[in-house]
Amino acid sequence: MKKQGSDSNPATVLPALPEPLKDLKIKYTKIFINNEWHNSVSGKKFEVFNPANEEKICEIEEADKADVDKAVKAARRAFELGSPWRTMDASERGRLLNKLADLVERDRLILATMEAIDGGKLFPTAYLMDLGACIKTLRYCAGWADKIHGRTVPMDGNFFTFTRHEPIGVCGQIIPWNFPLVMFVWKIAPALCCGNTVVVKPAEQTPLTALYMGSLIKEAGFPPGVVNIVPGFGPTAGAAISHHMDIDKVAFTGSTEVGKLIKEAAGKSNLKRVTLELGGKSPNIIFADADLDTAVEFAHIGLFYHQGQCCIAGSRIFVEEPIYDEFVRRSIERAKKYTLGNPLLPGVQQGPQIDKEQFQKILELIESGKKEGAKLECGGGPWGDKGYFIQPTVFSNVTDDMRIAKEEIFGPVQQIMKFKTIDEVIKRANNTNYGLAAAVFTKDIDKALTFAAALQAGTVWVNCYSAMSAQCPFGGFKMSGNGREM
Amino acid sequence: LPPVPLPLLSLQIFINNEWHESTSGKKFPTYNPSTLEKICDIEEGDKPDVDNAVEAAKAAFQRGSQWRQMDALSRGRLLHKLADLLERDRVILATLETMDTGKPFLQAYFIDLEGCIKTLRYYAGWADKIQGRTIPVDENFVCFTRHEPMGVCGAITPWNFPLLMLVWKMAPALCCGNTLVIKPAEQTPLTSLYIGSLIKEVGFPPGVVNIVPGYGPTAGAAISTHHSIDKIAFTGSTKVGKLIKEAASKSNLKRVTLELGGKNPCIVCADADLDLAVECAHQGVFFNQGQCCTAASRVFVEEQIYPEFVKRSVEYAKKRLVGDPFDARTEQGPQIDQKQFDKILELIESGKKEGAKLECGGLAIEDRGLFIKPTVFSEVTDNMRIAKEEIFGPVQPIMKFKNIEEVIRRANNTEYGLTAAVFTKNLDRALMLASALQSGTVWINCYNALYAQAPFGGFKMSGNGRELGEYALAEYTEVKTVTIKLSQKSP
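Residues take numbers from 1 onward in each chain, read along the sequence in its written order. Chain labels run from A onward and ligand labels from 1 onward, assigned in the order the entries are written. Totals for whole chains, interfaces and linings use every residue, but because this is a predicted model, local features are given only for residues with pLDDT of at least 70 and side-chain atom pairs only at 80 or more, for both listing and counting. Hydrogens are left out, water is left out, and the side-chain values use all remaining heavy atoms of the structure.

Residue and element names in this part refer to chain B. An order of β14-β15-β16-β13-β12-β17-β18 is seen for the seven strands of this open sheet, with the pairing classed as mixed. At either end of the open sheet lies a strand with only one pairing partner, and these are β14 (357-360) and β18 (441-444). Across the sheet, the mean angle from the axis of one strand to that of its neighbour is 20 degrees, orientation sign disregarded. Paired strands, as defined in this entry, are two strands with at least two bridges between them according to DSSP. In this text, helices come from DSSP runs of H or I with a minimum length of four residues, and strands from runs of E with a minimum of two, each type numbered from the N-terminal end. The pairing of β14 with strand β15 (residues 375-378) spans three bridges and is classified as antiparallel. Bridge pairing in β15 places Lys357 opposite Ser378. The contact criterion used throughout is that any non-hydrogen atoms of two residues lie within 4.5 Å. Angular values range over 0 to 180 degrees, each being the angle between N-to-C directions of two axes fitted as lines to C-alpha atoms, with helices fitted over their stretch in contact. Helix α11 (residues 306-319) contacts β12 (265-268), β13 (298-302), β14, β15 and β16 (395-401) of the sheet and is inclined by roughly 170 degrees relative to β16. In the packing of helix α12 (residues 338-353) onto the sheet, the strands contacted are β14, β15 and β16, and the crossing angle to β15 comes to about 30 degrees.

Written out as structure tokens, the structure reads:
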């Protein structure tokens, strides 16, 4: 998911952008277990909506505990000693992941169109960025499959000692709605690479691309039961996964609030291993010696990308006093030039928020900003008469105690605050329970490396934002998560 | 051996390299399980004391503090000096450990203390080798990772190997640059408190190591729920391990490592060296009065050699000398306390009741004291309580098996997964079993071969994460990715 920075490198070759598919048919609406499509045990279905126009796209079979139990049984059998998956050469596992990447490339247009409609994502972004990241991540993990090394250990005494890095077993994976396909791939790729089997629950808002992947997984030739997909809701299907006594590990991306419930359930049930990718309130620190245009642009994209719905959103921008006014001026200019609308149409720069609940929460936080005394520079309210659109909003003169400076907004709302000294801004940047990402803009090597050490964040960017790639580990300090992905 | 002059030992709460009384004014007693006499009273730590300790540990971890600024190599030197002081005071520590736990003195001296000294030196060597990576990321960026200390680490240690389990946590934690708040088991606080004085003598900055003796539901719970503790490491029962992970989740998502119980299979094939297998299985279950998470508490013997194996095991068990742990001939001391003693006898009764054949032992030794006769059960079947529940006492259940596929299934048929052992001369069988057994450690033709270099930890509900070896470093570091944009792509 690279941003503006990648355009300045002439070596990058992005594929030509086609037009989104018209009349996309949704073929896969059922629960995927053992490479077969199943109806829900309860008979229930749930609806999936297009957030750009609030219209129903289709109905999906709704998985609950009984379906999760079926999926876990299938995943457990596929993991048994002597099974096709357990006896497969590691290199063959890698070959299957590469084959899956090939199929994703073949169906790139279908998947990108589907993701844009289901997730309210701008089509060019879905096609170039989301699908690009999926393909690269699958190929990256494919390469690791036959390189999972243990160690020989020079132990005291007359012993020969070595370690084996074995697959954990059946992994439950709960996926969010902001990057449905990318987060799906971030979870299944390393899990399958290491020889695990998976039970995946995509977000109820955005199950379509995950289910389509089920068909590609079958086509690629993964044995039945290796990947199972159970679309449904958090408190039912999700809880069934986190409490399950026969799931060995749960991986979750989503809010910190739900992350805590998942880890608690893991402790209460069977001590399953837990990795969590949670929220953030990431600081973006701009020094007076920074390249101002670059800083403004990265700060802008760093916040507004995908309607602000990113765990890494740079939602606290600290600008060194001498350049504060100019920075605010240029940021407003940048935020004003926006066309909102149907994310499938060319020329649209911002799509809708994912659903009504998010939409209302963001508007409520915007109101708190106004009430608590921040200066509303532009935007500040909804847009359009249909769909969950919010105007790009910029607040200046924000102070650390305001709700918009403390709570994760997950919307197109940019906070700009002022700072004087290095020690002050380090303290303020670290003064949060979150710790996912951070950035610093400066030309001074000493400052850059001081901040790289001092900031309590899983990723620190220097003179850029959102630079992520399959090769770099990603995850949170403190309450932004446990463990690392990629 | 002369008794330890108690003025040498501070019986208080250790915070910022100083000794403090408890905030509540309360104290608690610690007993000698061999004599059932009280040794002394200790200041009892509770939540306010834990809060003070965390404050100190946090301050010692602040950016710019003496501990944070120290060269990694110097951290390693401090750990080496601590090992030196343990060697100097080895007799004192072994004596205290024996008084407090009832373990035979020679075992405390030659095994527990040996393990402590070697583990400290092992991690001293790692201190300046905590390396991140440079990563060939796409496009024009420089990308590297830093493996930073996690911060304030809580450590809750058990009573079966009090000092050793403390060092298993302290050494990697300090090696990686963290600070600590330690709660030793209430039954066995003495050696942990003694180490406080050594920490100060060595020259660790104040606040780097803090020790709060007290009880689980009070001081322990204060640690697992604390919002300013970044990580918790616990060794103890699976039941309490679950509460700890739950508390960590409910509070601040602190990182968790757990070393819990086991019901470890010991598989003896017909082609094994029989004497070796009998001796290893014997020591494997009876060591430390049976109070080991690694206890070989399900012995599976291939049918053909079963009667001979049982006969020789009974001989060994009958010869095992139980008595005063300060007597050099003693191999087995008392159980740690009345609660454990009662639980073990109850499980022995269940063995008799459920139809296992009692070959020897099966009851307590005197009518006073916590000593239990080494007990062997044969004709044990998988559904009996003694085959399923962790006994943590000197009781050896021996069962029969016919073929390898069957024993793999039965060995793995448990929620535990800590260790396993295999006795065979056949290479193919040994390596096949090493792959098939769901255990964090598999021993081949040996038992309890545990050394600082090799990682140790549980599959399934025997734990989360690994201690020892290079692997422990991952449990005490937090990865930070740093990505720096360049104006051009560099090769």
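The next thing to look at is the interface of chain A and chain B. Interface size is commonly expressed as the accessible surface area that is lost when the partners come together. Each partner contributes residues to the interface: chain A has 67 residues there, and chain B has 58 residues. By definition, a salt bridge exists where a carboxyl oxygen of Asp or Glu is found within 4 Å of a side-chain nitrogen of Lys or Arg. The interface formed by chain A and chain B contains seven salt bridges. Ionic pairing is found between B:Lys118 and A:Asp156, a salt bridge with its closest N-O pair at 3.3 Å. N or O atoms within 3.5 Å of each other form a polar contact, as long as, within protein, one can give a hydrogen and the other can take it, and as long as residues adjacent in sequence are counted only when both atoms are side-chain atoms. Inspection of the region where chain A meets chain B yields 38 residue pairs in polar contact (both at pLDDT 80 or more). Elements that contribute at least two residues to the side of chain A that touches chain B include exactly α1 (4-7), β6 (161-162), α10 (256-268), β11 (273-277), α15 (422-430), α16 (445-454), β20 (459-462) and β21 (481-482) of chain A. Broken down by element, the residue count for the side of chain A that touches chain B peaks at eight residues, all from α10(A).

We now examine the packing of helix α5 (residues 108-119) of chain A against helix α6 (residues 123-144) of chain A. Residues and elements named next belong to chain A. Between α5 and α6, the shortest axis-to-axis distance is 9 Å and the interhelical angle comes to 120 degrees. With respect to α6, the axis of α5 lies oblique. You can see that α5 and α6 cross each other, and the crossing is right-handed. Counted together, Arg108, Leu109, Leu111, Ala112, Thr113, Glu115 and Ala116 of α5 and Phe123, Ala126, Tyr127, Leu128, Asp130, Leu131, Gly132 and Ile135 of α6 form the full contact between these two elements. Of the residues belonging to the contact of α5 with α6, the class tally is 10 nonpolar, two polar and three charged. In these notes the angle categories are as follows: under 35 degrees is roughly parallel, over 145 is roughly antiparallel, 65 to 115 is roughly perpendicular, and the rest is oblique. We call a crossing left-handed when the near helix sits turned anticlockwise from the far one by less than a right angle, and right-handed when that turn is clockwise. Following the grouping adopted for this structure description, the nonpolar residues are Ala, Val, Leu, Ile, Met, Phe, Trp, Tyr, Cys and Pro, the charged ones are Asp, Glu, Lys and Arg, and the polar ones are all others, Gly among them.

Let us look at the pattern of salt bridges. Opposite charge on two side chains lets them pair, provided their charged atoms get close. Residues and elements named next belong to chain B. By the definition in use, this model includes 69 salt bridges over all chains. In this structure, Arg90 engages Glu114 in a salt bridge whose closest nitrogen and oxygen atoms are separated by 3.0 Å. One end of the pair, Arg90, is in helix α4 (residues 90-101); the other, Glu114, is in helix α5 (residues 105-126), and 24 residues separate them in sequence. With a 1.4 Å probe rolled over the protein chains alone, any residue whose accessible area is under 20% of its type maximum counts as buried; one over 50% counts as exposed, and the rest are partly exposed. Residue classification places Arg90 among the buried positions, given a relative accessible area of 10%.

Residues and elements named next belong to chain A. Domain annotation for chain A reports domain 1 (31-149 + 165-277) and domain 2 (282-470). Between domain 1 and domain 2, the contact holds 29 residues from the first and 26 residues from the second. A simple way to read buried area is as the amount of 1.4 Å-probe accessible surface that goes missing from two parts once joined, with both sides added. When the two sides are added together, the surface that domain 1 and domain 2 hide from each other amounts to roughly 2,100 Å², 66% of it contributed by carbon and sulfur. Summed over the shared surface of domain 1 and domain 2, the number is one salt bridge. Note that Lys386 is salt-bridged to Glu55, the shortest N-O span being 3.6 Å. Where domain 1 packs against domain 2, one counts seven residue pairs in polar contact (both at pLDDT 80 or more). For the side of domain 1 that touches domain 2, the secondary-structure elements that each account for two or more residues are α5 and α6. Domain start and stop positions are those given by an automatic or database domain assignment.

It is worth spelling out the UniProt feature "active site" (unreviewed entry) in chain B at this point. Residue and element names in this part refer to chain B. UniProt positions are given in the numbering used here, feature names are shortened, and annotations may be inferred rather than shown by experiment. The positions that UniProt labels "active site" (unreviewed entry) are, in the present scheme, Glu259 and Cys293. The largest pairwise C-alpha distance within this set of annotated residues, which runs over 35 residues, is 8.5 Å, so the set is compact in three dimensions. If we skip the residues at most four places from it in the chain, Glu259 touches Phe234, Thr235, Gly236, Leu418, Phe456, Gly457, Ser462, Gly465, Arg466 and Glu467. Among the secondary structure elements, Cys293 is positioned in the loop between α10 (274-286) and β13. On the basis of relative accessibility, which here comes to 17%, the residue Cys293 falls in the buried class.

A sheet is described by the order of its strands in space; here 10 strands give the open sequence β14(A)-β17(A)-β18(A)-β13(A)-β12(A)-β19(A)-β20(A)-β20(B)-β6(B)-β5(B), paired in mixed fashion. Unpaired on one side and paired on the other, β14 (375-378) of chain A together with β5 (134-135) of chain B mark the two borders of the sheet. The pairing of strand β12 (residues 283-286) of chain A with strand β13 (residues 316-320) of chain A spans four bridges and is classified as parallel. Looking at β13(A), one finds that A:Pro283 is bridged to A:Arg316. The strands that α15(A) touches are β12, β13 and β18 (413-419) of chain A; relative to β18(A), the one it contacts most, it runs at about 145 degrees. Sheet strands touched by α16(A): β12, β19 (437-441) and β20 of chain A together with β6 (141-149) and β20 (477-485) of chain B. Its angle to β20(B), the strand with the most contacts, is close to 155 degrees.

Time to look at a nonpolar patch on the surface. Together, A:Phe160, A:Phe162, B:Leu427 and B:Leu431 make up an exposed nonpolar region whose accessible area comes to about 460 Å². As for its position among the elements, A:Phe160 is in the loop between β5 (152-153) and β6. Surface patches are drawn from residues lacking salt bridges whose relative accessible area is over 30%; two like charges belong together within 9 Å, two nonpolar side chains (Val, Leu, Ile, Met, Phe, Trp, Tyr) within 5 Å. In this description, accessible areas are obtained by the Shrake-Rupley approach with a 1.4 Å probe, and a residue is regarded as covered only by the protein chains that are shown.

A few words now on the side chain of B:Asp49. Within the secondary structure, B:Asp49 sits in helix α1 (residues 47-61). In contact with B:Asp49, other than residues within four places in its own chain, are B:Ile13, B:Ile15, B:Glu21, B:Ser22, B:Thr23, B:Glu44 and B:Val212.

All names here are of chain A. With respect to the helices and strands, the residue Asn430 is situated in helix α15. Taking the C-alpha atoms as reference, Asn430 lies 8.3 Å from Pro283; in sequence the two are 147 residues apart. Those residues in contact with Asn430 that sit more than four places away from it in its chain are Ala454, Leu455, Gln456 and Lys478.

Ring pairs (aromatic) are described by centroid distance and by the angle formed between their planes. In summary, the pairing rule links any two rings of Phe, Tyr or Trp, Trp by its six-membered ring, whose centres are within 6.5 Å, and it sorts them by plane angle into stacked for under 30 degrees, edge-to-face for over 60 and tilted for everything else. Applying the stated criterion across every chain, the model contains 29 aromatic pairs over all chains. Pairing A:Phe46 with A:Phe233 gives two aromatic rings, centres 5.2 Å apart and planes at 65 degrees, and the pair type is edge-to-face. Taken together, the residues span a long stretch of sequence, with A:Phe46 in strand β3 (residues 45-50) and A:Phe233 in the loop between β9 (227-229) and α9 (234-243) at a distance of 187 residues. The rings of A:Tyr28, A:Phe32, A:Trp37 and A:Tyr212 are connected pair by pair, giving a single aromatic cluster. Our definition puts a charge over a ring when NZ of Lys or CZ of Arg is within 6 Å of the ring centre and also within 35 degrees of the ring normal. Of note, B:Arg90 hangs over the ring of B:Tyr109, and the distance from its end group to the ring centre comes to 4.5 Å. Over the aromatic face of B:Tyr316 sits the side chain of B:Lys319, whose NZ or CZ is 4.8 Å from the ring centroid.

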